[in-house]
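Observations on the model geometry
Here's the letter readout for the chains.
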Amino acid sequence: MRYICLFICKDIKKKGKPKTIYIEDYKSKLTMKYFTIAELTASQTAKSRKIDNTPSEEHKEHLVELVDNLLDPLREAWGSAIHVNSGYRSPALNRAVGGSTTSAHSFGYAADLKPVNGKIREFKDFVMDWLKDKKFDQYINEFSGSSEWVHLGYKNRSGQQRKQYLLYKHGKYSHIK
């Protein structure tokens, strides 16, 4: 892991020697406005099954691309908070949740989203319209039981941006645009 020195300070309470404070050298510290790497890698499944969901440096860079190019601008345009249900998934976590072996989640290029204000149908329509002039790979309007969310992929595993609009319902995909 790479680090850069942020500043040097003294521990005032202990009156000790100056110490160097480091921060992670991810572009995310400088660019990501509304989302964090921790939020994009959090997983209840990983936690409960003790699965390591730590992304590689390359996958962290992909997450930063996803946020800088889609998620932060979307959050800004939407005007209120957006919750990430699922972001990066390690291969083990992806298997555990039954994800596709080609899932953009496993490469750090996708996130499943819900608006915090609960207006999911409005959010889905808004995202579809907002994406018109954006570069992206997939918008998937997803349903599972009584739950629904938006899957937003910046690139696929090959780095392509196919601008696909899909519906996923009852275990099947269909094109909606």
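Here the structure is shown first, and the text comes after it.
Everything quoted here is computed from the prediction, not taken from an experiment.

Reading the values: the criteria
- Residues numbered from 1 in each chain as written.
- Predicted model: local features only at pLDDT ≥ 70, side-chain atom pairs only at ≥ 80, totals over all residues.
- Heavy atoms only, no water.
- Axes fitted to C-alpha atoms, helices over the stretch in contact; angles between N-to-C directions.
- Helix = DSSP H or I, 4+ residues; strand = E, 2+ residues; numbered from the N terminus.
- Left-handed = near helix turned anticlockwise from the far one by under 90°.
- Contact = heavy atoms within 4.5 Å.
- Nonpolar A, V, L, I, M, F, W, Y, C, P; charged D, E, K, R; others polar.
- Pairing = 2+ DSSP bridges.

Viewed as axis vectors pointing N to C, helix α4 (residues 57–78) and helix α6 (residues 120–130) meet at an angle of 120°, and their least axial separation amounts to 11 Å. Remark: the crossing between α4 and α6 carries right-handed chirality. Touching L70, P73, L74, A77 and W78 of α4 are E122, F123, F126, V127 and W130, all from α6. Classifying every residue of the contact of α4 with α6 by side-chain character gives 9 nonpolar, no polar and 1 charged.

What follows is about the pairing of strand β8 (residues 172–175). Across 4 bridges, strand β7 (residues 164–169) lies against β8 in antiparallel orientation. Counterpart to L166 in the pairing with β8 is H175. Where β7 folds back on β8, the antiparallel hairpin that results is connected by 2 residues, among which H170 adopts a positive phi of roughly 55°.

Turning next to the side chain of K155. Looking at the element boundaries, K155 is found in the loop between β6 (147–153) and β7. The residues contacting K155, other than those within four sequence positions of it, are E65, A104, Y109, D137, Q160 and Q161.

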